[in-house]
Every structure is written in structure tokens, then in C-alpha cells.
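Fold and geometry: a report
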Amino acid sequence: MREKSLLKKLTTWGLIAIGGLAIFLPFGTAQAKAKQPQYKFEAKEIYVTDAKTGQTIYQKNGNTKRPIASLSKLMTLYLTKQAIDQHHLSWNQKVPVSKPLIKMSKSYELGTFKIKKSKQYTVKQLYQAALIASSNSAAIALGEAVANGNNTKFISMMNAQAKQWHINAHFVSSSGLDNTDLTKYHLQVPGTGKKAQNMVSAKAISTVAAKVLGEFPQITKWSSQPSMKVGNQVLVNSNRLLKGDVFYKKSARVDGLKTGFTDTAGLCLTVSFWHQGRHLIATIIDSNTIFSSMAKLVQAIEKNYVSHAVTVRDHRLAVGKHTITAVPQQAKTVVWYRKGTQTPAVAVRYQDTVNATSVAKNQQVGSALIQLKGQNQTATVPMLAASTVKAPVKHKKAAHHQSLFAKISETLVGIVTGFLKIIGNFIKHF
């Protein structure tokens, strides 16, 4: 059940041998014939998507929620970068690391980046350690830094973000470790079971990866490095699809992103790669031949899928009681279809997503949904407000309330007037 170093696991199993390459059968025809296998390698879940539009290019059990091991760290990395962007953290900020995490970092099975008691590490160093070396201690330390030292609060933030994105995911860990390990370090979220673990679909974690790339495209400068020195330690990247490694292929242009392994999750891998000028994301969960499988998957996408250009136009959308002009975040986008088939007809429909009395210029107020006719694959382009719309000012009716001073003055005048009348009447009688 332990989140072992994937590098150690691969060395143990000898899975980096080229002889482990699997043969990938063409897409499309296999999908039409239920009895015909699509490929010879084993992978329980597969998902391929366009990082910008979210269009599903290919999937197998992509919505099935299951353990994903260290792929979970992608959510931790996203929330850490969000905290930096919101000025709650900074890259050079020193992060205190607790004694249990220091102890975890020195574990043979759980540690890939040793944290010294006498040294504080920056957010940047821990981020790189979590991304490249898949350090469990670094990922948990980052989560605690984001949540002001509260690990349980950070897990709640992970689940809240998943709910906001409407993805099929539930987290109990910021690192991908399950409770069989977390309890030893007093990091189990209260109310979770003894063997509880992160349960996330391939589509969901691919969506998280797309969000990371969208918010922090520079992450690939780190994730594409086979190794990186941090302090006096060398972080070793276990992704064998990178330049200089055995499964590297120049045409694939793989530039990251995250590996993972536990006994229950199996070998897992999410990669980002380029095809026809577009950033794509592919996830494989629970495969016995993870890198050869991914290499064949990427090759199959390159061989069998092409993009079709689509123009997205301005559109009038409802915002509360207003109707405003919305402009596409990208006027030119693409949809993917299988090579050799007829160029697809596409339908573009618009959906408003904001019900507010005011919006700021460039705020997302809806989406353009581009769908291949006859298919369920949808590409999405955010629609942004072309101008600021302010809420109508409610004018309150002028209140005719007298001030306290005016009331006192009026009362005194009344008393004096009354007194003078009494004196006047008294004089008349004399």
C-alpha cells in the first residue's frame, strides 16, 4: 500500500527494458468491435485530452474513480501556485518542516528527498522536490504552508477545488500516500478509514494537470528535466519519456508531468506533450508497462488524430438582468478527429455561467461549447465580458428624520411658548 519511489520500483522490476514495448492497435476500428482488443498492454484507465479546450480525444474507463498514487501531487502543486499568485506565499519563502516529515523523508520506501533538521527549505525547493523527485515530505510540507500549518485544512481545500471544477475526485492526502502510512506520521485526516486513500478518475487528474499548465506553463521547464540539483542533492526524474532516456522520442515532445506508484494504484503516469502545435495531456493508471504503454499511446495519437480549425465569434450572453457582449478567450481553436474520416461538421453553442448584477471586463461569463456532430466530444472556450457592467445603484428614499438637536429645540420652543401664553392670560385678568 506504500507510495514507493517509482525509480526504485522500476529498478526492482526491470521495467525499463526496451523488450517490454507493447504493440498498439489502431483507434476507431477497435472501438467499433467490442470483442477485438484495442491494445496488447494492460492499463485499467486511459485518458487523453486537449489541455486548452478539455476535449476528450481518447479514453478507456476515464471516469472511473480509483487510487492514483503520486499523480495526486498535481492538485497540491496547483494550490501552492495559486497561493503564490494570491501573495499568500512566495517562491523564496522559507518553509518549516515538522519532525514527522523529516523522519518520512529519510525512509527508504517513502523518501526521495532528504530533509535536514538544521535547514529550512524554500517553497521553490520543496515544489521542485515534489514535482521531479515526487517527494512525499515536500508535498505535505507545501500543503501545510498553504493552509497555515494545518494538513487537514489543506485536504479540505483540495476537495473544495475538485468540487468547484466538477471533477470525479476525493482526497485524503496531499502526497498520494494512503492512511496505512499517514497514520504512522500522525497525518491521517480525522474521520477517514484506516486504509483510506485518494480516489480520482483519469479524466479528473488530467483536468487538474491542464489547470496546472494553464496557471503555470513554466512548470514544464522543471518537469522536463531528467535531473535537477537542489542544494547539495540531485533530484532524479523517474519519467523515462524525457530527453536522453530510453523511451524518449523527439517527435513526441513530452515535457512532463508526473509519475506515481503504490501497490493498490499500480504504475501511473500523466504526461504533457505537443502534437500539431497543441499541448495535450495523457494519463495511464495501473499499467504493467507504463513507459512503453505511454510511448505507444502518444504515437497512436500522432498517427491517428488530426485537428480541425474552428472560429469562435462574439456572442450576447445573459448576466443577471443584463445582456452583454462576450468575446472568446481564443477566437481560433481546434477540435480533434480521427485521421482518414470525413472532416467533421461542428456545432457551436453558447452557455452563460454567471448570474450576477455586476461583472468586470475580461471576467468569464460563459463558455462556447464546440461539439463534433454525432459525437459527445466537446471542446470548450471561455467567453469573457467585453466591458464592465456595474450593479444599478439603489437610491434610498430621503428619510425625514429630525436630528436629536432639532427635536430638543422644538420641545423647548413648545415649552417656552406655552409658558408665555400662561403669563399673557394672567396679565389680562389684572
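Remember, it's a predicted structure, so these values are computed and weren't measured experimentally.

Examining the confidence of the model for the protein chain
Scored by pLDDT, the protein chain has a mean of 85; 81% of the residues are at 70 or more. Within the model, the stretch residues 12-39 combines pLDDT values under 50 with 49 contacts to residues more than four positions away or in other chains.

Quick notes on the nonpolar core
Ranked by internal contacts, the top residues of the largest apolar core, which has 70 residues, are Met75, Met104, Phe113, Leu126, Phe171, Val208 and Ile219. Sorting the residues of this core by element identifies α3 (73-85), α4 (99-105), α5 (123-132), α6 (136-146), α7 (151-165), α9 (202-215), β7 (227-230) and β11 (278-287) as the ones contributing at least two each. Contact partners of Met104, with chain neighbours within four places excluded, come to Leu110, Gly111, Asn136, Ser137, Ile140, Leu177, Tyr185 and Leu187. Formed by 27 residues, the second largest nonpolar core is a distinct cluster that contains Tyr58, Leu269, Phe291 and Met294.

Looking at α3
An α-helical turn contains 3.6 residues, so any two residues separated by three or four positions project in the same direction. For α3, with 13 residues, the first-to-last C-alpha span of 18 Å sits near the 18 Å given by 1.5 Å per residue. Within α3, 11 of the 13 residues are buried, which leaves the element mostly enclosed by the surrounding structure. Among all positions of α3, only Lys73, Leu74, Met75, Thr76, Leu77, Tyr78, Leu79, Thr80, Lys81, Ala83 and Ile84 are buried. For α3, the elements touching its buried residues are α5, α6, α7, α9, β9 (254-262) and β10 (266-275). Where α3 ends, the next residue or the one after it, His87, has phi of about 65°, a positive value.

Section: α7
Between its first and last C-alpha, α7 extends 22 Å over 15 residues, near the 21 Å set by a 1.5 Å rise per residue. Those residues of α7 not exposed but buried are Asn151, Phe154, Ile155, Met158, Asn159, Gln161, Ala162 and Trp165. Along the axis of α7, the buried residues cluster in a sector spanning 155°; they form a single face. Those residues of α7 that are exposed and angled more than 90 degrees off the buried face are Lys163 and Gln164. Among the structural elements, α3, α6, β5 (169-170) and α9 are those in contact with the buried residues of α7. Where α7 starts, the residue carrying a side-chain oxygen 3.1 Å from the main-chain nitrogen of Thr152 turns out to be Asn150. Downstream of α7 by a residue or two, His166 has a phi angle that is positive, lying close to 60°.

Some points on the packing of aromatic side chains
Taken as a whole and assessed by the stated rule, the structure comprises 9 aromatic pairs. A centroid spacing of 5.9 Å and a plane angle of 80° characterise the contact between Tyr127 and Phe216, whose relative ring orientation is edge-to-face. Of the two residues, Tyr127 sits in helix α5 while Phe216 sits in the loop between α9 and α10 (220-223), which places them 89 residues apart along the sequence. Residues Tyr127 and Phe216 agree in their burial class; the two are buried.

Brief notes about the pattern of salt bridges
Under the defined criterion, the tally for this structure stands at 8 salt bridges. In this structure, Asp286 and Lys44 form a salt bridge, with 3.3 Å as the shortest nitrogen-oxygen distance. You can see Asp286 sitting in strand β11 and its partner Lys44 sitting in strand β1 (residues 43-50), a full 242 residues away along the chain. For Arg240, the salt bridge goes to Asp245, with nearest N and O atoms at 3.0 Å. Looking at Arg240, the relative accessible area reads 14%, which means it is buried. Within the structure, one salt-bridge network assembled from shared partners comprises Lys44, Glu45, Arg66 and Asp286.

The rules behind each value
Residues numbered from 1 in each chain as written. Predicted model: local features only at pLDDT ≥ 70, side-chain atom pairs only at ≥ 80, totals over all residues. Heavy atoms only, no water. pLDDT = per-residue confidence, 0-100. Contact = heavy atoms within 4.5 Å. Core = buried A, V, L, I, M, F, W, Y, C linked by side-chain atoms within 4.5 Å. Buried < 20%, exposed > 50% of the residue type's maximum accessible area, 1.4 Å probe, protein only. Helix = DSSP H or I, 4+ residues; strand = E, 2+ residues; numbered from the N terminus. Expected span 1.5 Å × (residues − 1). Arc of directions from axis to C-beta. Polar contact = N/O pair within 3.5 Å; in protein donor to acceptor, adjacent residues only side chain to side chain. Phe/Tyr/Trp six-rings, centres within 6.5 Å; stacked < 30°, edge-to-face > 60°. Salt bridge = Lys/Arg side-chain N within 4 Å of Asp/Glu carboxyl O.

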